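# Summary of the model geometry
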Amino acid sequence: MPILDEKTKTEVKKILSPMQDVVTLKLFTQPFECGYCKDTHLLLDELAELNPKLKIEVNQFDTDIDEVSKHRIDKIPAIAIVGSKDYGIRFYGIPAGYEFSSLLNAILMVSTGIVKLAEETKAWLSKLDKPVHLQVFVTPTCPYCPPAVILAHALAYYSDKVSADMVEISEFPHLANKYSVQGVPRTVINESFYQEGAAPEAMLVAKIKESL
Amino acid sequence: MFDFNLSFSAVVNADELYDLIIIGGGPAGLTAGLYASRYKLKTLLLEKAIVSGGQLTSTEWVENYPGFPEPILGQKLAKDMETQAKSFGLEIAVETVTAVNLVPNIKEVITEINTFRAKTVLIATGSSSRKLGIDGELDYVGRGVSYCATCDGPFYPDKVVAVAGGGNSAFEESLFLAKYATKVIILHRGSTFKADPIIKERVFAHPKIEVRTDVQINSIQFNDESDRHLQISDSKTNEKQKLNVDGLFVFVGSIPNTELFSGQIELENGYIVTDRTHQCSVSGVWAAGDVQAKALRQVATAVGDGACAAYWIHKYIEDFDHARTT
């Protein structure tokens, strides 16, 4: 049974029509012990049919060790959104529900190069010299989560120093424990600093500065 | 079965002079956008979240919005309102408004990225959850304290949660939380409830929900994982008590989102004062929905406000354009 209905497909086609450069969705999957790998794979296959500039590359988490380590993938299902280079944009867990918008947003950003960030943020990112790892914890039913994910991905796109993960927390409950996540969205900065909620750009940037 | 939500920012032109800029994409803003688009007004709606619908998106079920005899999901109703408005040409841009200049004849609405100009502005910024204002509350947001049951309820399977409040939100969201938690304890500081009788009946009959009255929550102590608790007291006898819970959901009313506008338009307890056409104290500026000073804040009243405001805005634009061409 198809995972996307016809109406959604028509809308996705329209949304993806401004695509410019080819975007490769690198899926990391495994045939066993992965609740949502199969559905995520199906979703990406259906998505790739909707725009010729969208490519899929399937990697096996247990055997394609080089690709796994090159992209620093540590859990599955994982999707790396790769354009002319790897910007460090990741989705861990199925990007369903409201996160489907975050996925399409990341694809469009990488494909068109259009990134919505304030000038001050861009200036600061250009000078950033330390690595920043953002993990945005979400659930698919959380309407406040996509802005947090999209912001983190925009920072990753603009700066080579920043990598940003969406993490669908219900698929990785051990991480909810590890980072004491009891509410979403929650952005973890470099393992030790936290930002609650869908914080405005300036607030997240201030928090990242504090962590450095 | 998965659900896939598609919400996208329109590509906007900041050089355009808009007939109307709507700030906020909840039911009031979306309805005004629908009507304004049908009046063929050049309209832009600015919404800070990528998902339109405002507080509707954090409501599980809506069962008092006419036309839906079966309860409808808040998130679905919000999405449908957005789709309908867009089908008539409403542009929705995902940008956060940081400043406004409402007094001049041509208004300015400034976001993190653009400065937009418009002949009229409709403020539909709604309201946000009121905080309890007690020790520990802000420290534990996202780590045990929540203002959104549909967002954070699933974190409490087989746990005990407390709910602060005694109105419709507290009662309705308690029913949602009871699907996950083993026990939901409603703590209400008064002795009578503002919730509608039909919701009250359901809550009182629910085997997993306990309701306590005259309770003051004094502090939140969630640091020790093995002993997460609230310090509460009886507001009549002052008797103190420790209440072990894993989480606290707060539904104690709302505060209007009007900081951006104070000093430019007349407010009453933070809410925007309007006349019967929904116009504010400044010409060319309207308000609709929860942000307005009024008695009842519901989806049904918000859509009425939005439609009505759009009508008067359309009248105003006719006069405005006529004055400019003669």
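Residues numbered from 1 in each chain as written. Chains lettered and ligands numbered in written order. Predicted model: local features only at pLDDT ≥ 70, side-chain atom pairs only at ≥ 80, totals over all residues.

With that settled, the discussion passes to the environment of B:His188. Along the polypeptide, B:His188 turns up in the loop between β12 (183-187) and α5 (197-205). Apart from the residues within four sequence positions on either side, B:His188 is in contact with B:Gly165, B:Gly166, B:Phe193, B:Arg212, B:Thr213 and B:Val215. (Helix = DSSP H or I, 4+ residues; strand = E, 2+ residues; numbered from the N terminus. Contact = placed C-beta atoms within 7 Å.)

Taken together, the contacts link 28 residues of chain B with 32 residues of chain A. The element that contributes the greatest number of residues to the side of chain B that touches chain A is helix α3 (residues 149-152) of chain B, accounting for three residues. Residue classes in the side of chain B that touches chain A are distributed as twelve nonpolar, twelve polar and four charged. (Nonpolar A, V, L, I, M, F, W, Y, C, P; charged D, E, K, R; others polar.)

Our focus in this paragraph is the sheet that holds strand β11 (residues 160-164) of chain B. All names here are of chain B. Strand order in the open sheet made by the five strands is β10-β17-β11-β12-β13, with parallel pairing throughout. Either end of the sheet is taken by a strand with one partner, and the two such strands are β10 (145-146) and β13 (209-212). The pairing of β11 with β12 spans five bridges and is parallel. Bridged to Val 161 within β12 is Val 184. Strands in contact with helix α4 (residues 168-177) are β11, β12, β13 and β17 (247-250); relative to β11, the strand with the most contacts, it is inclined by about 170°. (Pairing = 2+ DSSP bridges. Axes fitted to C-alpha atoms, helices over the stretch in contact; angles between N-to-C directions.)

Our next topic: helix α2 (residues 74-87) of chain B. Residues and elements named next belong to chain B. With 14 residues, α2 extends 20 Å from end C-alpha to end C-alpha; this agrees with the ideal 20 Å at 1.5 Å per step. Listing the buried residues of α2 in full gives Gly 74, Gln 75, Leu 77, Ala 78, Lys 79, Met 81, Glu 82 and Ala 85. On its buried face, α2 is in contact with α1 (27-38), β3 (61-62) and β4 (72-73). Looking one or two residues beyond α2, the residue adopting positive phi is Gly 89, at roughly 105°. (Expected span 1.5 Å × (residues − 1). Buried ≥ 20, exposed ≤ 12 C-beta atoms within 10 Å, placed from the backbone.)

Note: interface size is frequently given as the accessible area lost on complex formation between the parts. Residue and element names in this part refer to chain A. Structurally, chain A comprises domain 1 (6-112) and domain 2 (119-211). For domain 1 versus domain 2, the separation of C-alpha centres amounts to 19 Å. Every contact between the two is made by 22 residues of domain 1 and, on the other side, 22 residues of domain 2. Among the secondary structure elements, those contributing two or more residues to the side of domain 1 that touches domain 2 are β4 (86-92) and α4 (99-112). Looking at the side of domain 1 that touches domain 2, the element that brings in the most residues is α4, giving seven residues. By residue class, the composition of the side of domain 1 that touches domain 2 is twelve nonpolar, seven polar and three charged. (Domains from an automatic or database assignment.)

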